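Residues per chain, in single letters:
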2 protein chains.
Amino acid sequence: MIDQMTNSARTPLSRERVLLGAVALADTAGIDSLSMRKLAQDFDVVPMALYKHVAGKEDLLDGMVDVILAEIEPPAPGATWKTAARTRILSARRALLRHPWASRIIESRPAPTPAVLAYLNAMIGIFRDGGLSAGLTHHLMHTLGSRIYGFSQELFNATATPDPQALAAAATELAAHFPHVAELATTASHDGHSVVGQGCDDQYEFEFALDLILDAFERRQQP
Amino acid sequence: MIDQMTNSARTPLSRERVLLGAVALADTAGIDSLSMRKLAQDFDVVPMALYKHVAGKEDLLDGMVDVILAEIEPPAPGATWKTAARTRILSARRALLRHPWASRIIESRPAPTPAVLAYLNAMIGIFRDGGLSAGLTHHLMHTLGSRIYGFSQELFNATATPDPQALAAAATELAAHFPHVAELATTASHDGHSVVGQGCDDQYEFEFALDLILDAFERRQQP
DNA sequence: ACCTGAACACCGTTCAAGT
DNA sequence: ACCTGAACACCGTTCAAGT
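A quick note: this is a predicted structure, and the numbers were derived from the prediction, not measured.

Draft legend 1. Layout of the relation of the copies chain B and chain A. Of the transformation placing chain B onto chain A, the axial shift is 0.0 Å and the rotation is 180 degrees, giving an RMSD of 0.0 Å. Overall, the copies show the geometry of a two-fold rotation axis. A share of 100% of the interface residues of chain B reappears at the interface of chain A, consistent with the copies meeting face to face through the same patch.

Okay, structure coming up:
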């Protein structure tokens, strides 16, 4: 606490420090707790001081997305387009899992930043250099959707329900009214756990869908 | 205007009227303009009056999602699982296109409402009744992702840029720094228009990906 | 019992006043 | 030239006071 205060008093603010501070605040306190005012408080400055380094809240969010993108490892050289893309997308996924709020922010941005364009450009380049036509690459990008950024739409967002009794009650309720949902929730576990909403190995499912898509396009590449 | 006033003064508020009013407000003024205070103003009541019919803002948003789901046509009986799912998903897409804000709200909900569960249950039911195993159905649901609700993650959100001069400048800029992105933007048009960010027929792309996924699972069904 | 105004605890951002 | 406090125009929601 005191370290933070002296530290922030010593080194002057910069865009990078502001952005990293915002990412850290979102990581620890949650994205809903991220406000210009609270962020300023973290740096022991008045809210207006942030506007020297960041145009506003929107610019701050854009910058935070860029921080996340920077965590994605560059594509491995010398690999086939398929493994190059797969490796990079799984690296993006690891970055995203470190910052659970990031997918929501990426989705909400109204316009791509240069860093986002550079990332997409590199991803498209992998496919084009691998010999896929521009048209097929376009289809592939659309089919991958948010998977390009390392996530896919969650059918229900993860709700932490650690109370086993409430969980059991919810399972009974589910089975009574939505039997198909209940069946899927219980049969789908890959790790033995079969509890509602958690009996599903998201990583496995992500890779399953990713490979299915990449395989399908590989097949279409050479008819 | 006066009609609205007398109308709202006559008929008492109800949950349904509040939800439909919220959907209408989001449709016309945009989702960012939707606030409890503005919605109350539309009904010529004090903000607190809404809390009689809606638990709060979160409950309001949940209710709005339910309104959208209710617009999706029920599955056609007697069809194969593939066409039944395809038809229903494309109906969901039409509902979503009527309310451009809806995909963002659907994504943001922390927990599924009973109506959401019922929708997913019906969708799963189509696959299970069609003979797909529970495991394969689970994979399919994950692969479809947000497509189940009629949308897919936009790589860049649609930004209206009607100024053709600025558009041309942006295209040159894009080509210089992000050649792969520029190529895709220009070659991908299916309707002749080849302008940055708009040269892409989203409906075509949606159906392409949807069919690719459904075809792949049909192939896996009978090995 | 029902409704409601004022108030609370927040926002992002502007802007003029201070140094 | 730089920084900053107060202020503006909003939020969602609480709560006690009025009818």
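Draft legend 2. Main features of the protein's contact with DNA strand C. Near DNA strand C, the surroundings consist of A:Ser35, A:Met36, A:Arg37, A:Lys38, A:Met48, A:Tyr51, A:Gly56, A:Lys57, B:Arg37, B:Val46, B:Met48 and B:Lys52. Sugar plus phosphate, as a fraction of atoms of DNA strand C within 4 Å of the protein: 48%. Between A:Ser35 and DNA strand C, the recorded distance is 3.3 Å, taken from a side-chain N or O atom to a phosphate oxygen. In the environment of DNA strand C, a base nitrogen lies 2.4 Å from a nitrogen or oxygen atom belonging to the side chain of A:Arg37. Tallying contributions element by element places helix H3 (residues 36-42) of chain A first for the surface near DNA strand C, with three residues. Looking at the surface near DNA strand C residue by residue, the classes come out as five nonpolar, two polar and five charged.

Draft legend 3. Fine view of the protein's contact with DNA strand D. As a matter of local geometry, DNA strand D sits amid A:Arg37, A:Val46, A:Met48, A:Lys52, B:Ser35, B:Met36, B:Arg37, B:Lys38, B:Met48, B:Tyr51, B:Gly56 and B:Lys57. Expressed as a percentage, the sugar and phosphate content of the atoms of DNA strand D within 4 Å of the protein is 49%. Between DNA strand D and B:Arg37, the relevant distance is 2.4 Å, taken from a base nitrogen to a side-chain nitrogen or oxygen of the residue. Here the surface near DNA strand D gets three residues from one element, more than from any other, and that element is helix H3 (residues 36-42) of chain B. Its residues assigned to classes, the surface near DNA strand D shows five nonpolar, two polar and five charged.

Draft legend 4. Representation of the UniProt feature "domain: HTH tetR-type" (unreviewed entry) in chain A within the structure. Those residues carrying the UniProt feature "domain: HTH tetR-type" (unreviewed entry) are residues 12-72 of chain A in this numbering. The span residues 12-72 of chain A is 59% helix and 0% strand, and its two end C-alpha atoms sit 28 Å from each other.

Draft legend 5. View of the UniProt feature "DNA-binding region" (unreviewed entry) in chain A. According to UniProt, the "DNA-binding region" (unreviewed entry) feature falls on residues 35-54 of chain A. Across residues 35-54 of chain A, the secondary structure splits into 35% helix and 0% strand, with the terminal C-alpha atoms separated by 13 Å.

Draft legend 6. Broad picture of the environment of A:Lys57. Residues and elements named next belong to chain A. Inspection of the secondary structure assignment puts lysine 57 in helix H4 (residues 57-70). Look at lysine 57 and you get partly exposed, because its relative accessible area is 34%. Taking C-alpha positions, lysine 57 is 47 Å from glutamine 222, a pair spaced 165 residues apart along the chain. Lysine 57 has contacts with Leu34 and Met36, leaving out every residue within four places of it along the chain.

Draft legend 7. Inspection of a positive patch on the surface at higher detail. Positive charge collects at one region of the surface, where A:Arg219, A:Arg220, B:Arg219 and B:Arg220 lie side by side. Going through the elements one at a time, helix H11 (202-221) of chain A together with helix H12 (202-221) of chain B are the ones with two or more residues in the positive patch. Residue B:Arg220 is classed as partly exposed on the basis of its relative accessible area of 43%.

Draft legend 8. The nonpolar core, seen in detail. A:Leu60, A:Met64, A:Phe127, B:Leu60, B:Met64 and B:Phe127 are the most contacted members of the largest nonpolar core, which totals 128 residues. Ignoring any residue separated from it by four or fewer positions in sequence, one finds B:Leu60 in contact with B:Val18, B:Leu19, B:Ala22, B:Leu34, B:Met36, B:Leu39 and B:Val54.

Draft legend 9. Structural detail: the domain arrangement of chain A. All names here are of chain A. We note that the domain assignment places domain 1 (15-54) and domain 2 (75-151 + 203-221) within chain A. Here the C-alpha centre of domain 2 lies 30 Å away from the C-alpha centre of domain 1. On the side of domain 2, five residues touch domain 1, which itself brings five residues to the contact. When the two sides are added together, the surface that domain 1 and domain 2 hide from each other amounts to roughly 420 Å², 64% of it contributed by carbon and sulfur. Considering only the side of domain 1, the residues that lose the most area to domain 2 are Val23, Asp27 and Ile31, jointly responsible for 79% of the buried surface there. A salt bridge links arginine 104 to aspartate 32; the shortest N-O distance between them is 3.8 Å. There are two residue pairs in polar contact (both at pLDDT 80 or more) connecting domain 1 and domain 2.

Draft legend 10. Highlighting the interface of chain B and chain A. Each side of the interface is counted separately: chain B has 54 residues, and chain A has 54 residues. Each partner contributes to the roughly 5,000 Å² buried at the junction of chain B and chain A, and carbon and sulfur atoms together form 66% of this total. Counting across the chain B and chain A interface gives two salt bridges. As a salt-bridge pair, B:Glu183 and A:Arg128 come within 2.6 Å of each other at their nearest N and O atoms. Inspection of the region where chain B meets chain A yields twelve residue pairs in polar contact (both at pLDDT 80 or more). Those elements giving two or more residues to the side of chain B that touches chain A turn out to be helix H7 (102-108), helix H8 (114-129), helix H9 (134-144), helix H10 (164-177), helix H11 (179-187) and H12 of chain B. The biggest single contributor to the side of chain B that touches chain A is H12(B), with ten residues. Here the residues of the side of chain B that touches chain A sort into 27 nonpolar, 17 polar and ten charged.

Definitions and limits used
Residues numbered from 1 in each chain as written. Chains lettered and ligands numbered in written order. Predicted model: local features only at pLDDT ≥ 70, side-chain atom pairs only at ≥ 80, totals over all residues. Heavy atoms only, no water. Least-squares fit on C-alpha atoms with pLDDT ≥ 70 in both. Contact = heavy atoms within 4.5 Å. Near = heavy atom within 4 Å. Polar contact = N/O pair within 3.5 Å; in protein donor to acceptor, adjacent residues only side chain to side chain. Helix = DSSP H or I, 4+ residues; strand = E, 2+ residues; numbered from the N terminus. Nonpolar A, V, L, I, M, F, W, Y, C, P; charged D, E, K, R; others polar. UniProt positions renumbered as here; feature names shortened; annotations may be inferred. Buried < 20%, exposed > 50% of the residue type's maximum accessible area, 1.4 Å probe, protein only. Patch = residues over 30% accessible without salt bridge, like charges linked within 9 Å, V, L, I, M, F, W, Y side chains within 5 Å. Areas by Shrake-Rupley, 256 points an atom, 1.4 Å probe, with all protein chains shown as cover. Salt bridge = Lys/Arg side-chain N within 4 Å of Asp/Glu carboxyl O. Lys, Arg positive; Asp, Glu negative; His and termini not counted. Charge placed at Lys NZ, Arg CZ, Asp CG, Glu CD. Core = buried A, V, L, I, M, F, W, Y, C linked by side-chain atoms within 4.5 Å. Domains from an automatic or database assignment. Buried area = accessible area lost by both parts, 1.4 Å probe.

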